[in-house]
Amino acid sequence: MPKLKTNKAAKKRYSYTATGKVKRTKSNRRHLLANKTSRAKARGSVLDAYADKTCEAGIKKLLPYGIPVAKQYRMNYNKDDSKKILGLDIDKKYVLILTGSMGFGNITTMIKMLLNNTQKIRYIISCGNNVKLLKTIREEYKDNKRVTPIPFTKRLSEYIKSSEIVLTKPGGLTTTEVATLRKPFIHTMPIPGCENYNADFFSNRRMSIKCDTMEDVIVNTKKLIDDSNLQKEIIKNTEEMK
């Protein structure tokens, strides 16, 4: 079988969104700007657009690999081994909350509500690069073993592997990484636009649960933790999309 290769010319011009659409860079944005009217420049100011559906099949042959996922997300793993690597209690159940690189929403309120509505579950909160959020959670829950805030880490894959379920913003790469590790997950409060589109794509195929409000997050987190059949259904639907 011939080696599967990515066409370098196509790689510069096209990319995939989290939902599999082909995104292209718009033309007419860099040359002969002095001869163009303000209106013409404004029309070309949008950086990206989507490739025509009639062209998608051909482009996908040139871009066979889709969203790049690091090796550690594609390897078989044992949950207890990942817990040991991170120094977590193998007898406890963990929920991982991914707030995005800069944190999102009122996470402290979410933590309080989750603690009050779930029993014995421990929460790991990835604060990304949000130093203020990390400090706030550390100070507020310094004596509470059920809450563990963490800064940006290169061992995120191990935290995902260690968790029962994941709460995440519907970003393309993070969602793909969680899905690749076959973890049941909840999309939390997507903003209009790409996030909302990604969340709808996964939830409509029952590959995730979409929550638009804080109350939805709390109710569905408890539901997903308690319902092993629902967890298996999400994992099965994700595997069928592979």
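Structure shown above.
Residues numbered from 1 in each chain as written. Predicted model: local features only at pLDDT ≥ 70, side-chain atom pairs only at ≥ 80, totals over all residues. Heavy atoms only, no water.

## Digging into unusual backbone geometry
At Arg182, a position not held by glycine, the phi torsion is positive, near 60°. The backbone of Met189 sits at a positive phi, close to 40°, despite the residue not being glycine. For Met189, the position within the fold is in the loop between β8 (185-188) and α9 (194-204). (Helix = DSSP H or I, 4+ residues; strand = E, 2+ residues; numbered from the N terminus.)

## Some details on the nonpolar core
One broad trend across soluble globular proteins is that nonpolar side chains are buried collectively. Counting residues in each nonpolar core, the largest one holds 28 residues, and the members touching the most others are Met110, Tyr123, Ile125, Ile137 and Leu167. When residues of this core are traced back to their parent elements, those giving at least two are β4 (94-98), α5 (107-117), β5 (122-126), α6 (131-140), β7 (165-168), β9 (209-211), α10 (214-226) and α11 (228-240). Not counting residues within four places of it along the chain, the set of residues in contact with Tyr123 comprises Val95, Ile97, Leu114, Leu115, Thr118, Arg146, Val147, Thr148, Thr221 and Ile225. Core analysis: the second largest hydrophobic core is formed by 20 residues, Leu86, Leu98, Phe185 and Phe202 among them. (Core = buried A, V, L, I, M, F, W, Y, C linked by side-chain atoms within 4.5 Å. Buried < 20%, exposed > 50% of the residue type's maximum accessible area, 1.4 Å probe, protein only. Contact = heavy atoms within 4.5 Å.)

## Remarks on the environment of Lys169
As for its placement among the helices and strands, Lys169 is situated in the loop between β7 and α8 (172-180). For Lys169, a relative accessible area of 14% translates into the label buried. Reaching out from Lys169, the side chain makes a polar contact with the backbone oxygen of Thr188 at a distance of 3.5 Å. (Polar contact = N/O pair within 3.5 Å; in protein donor to acceptor, adjacent residues only side chain to side chain.)

## Some points on the packing of aromatic side chains
The final tally for this structure, using the stated rule, is two aromatic pairs. A centroid spacing of 5.9 Å and a plane angle of 65° characterise the contact between Phe185 and Phe202, whose relative ring orientation is edge-to-face. Of the two residues, Phe185 is situated in strand β8 and Phe202 in helix α9; the sequence distance between them amounts to 17 residues. As far as the burial class goes, Phe185 and Phe202 line up, both buried. (Phe/Tyr/Trp six-rings, centres within 6.5 Å; stacked < 30°, edge-to-face > 60°.)

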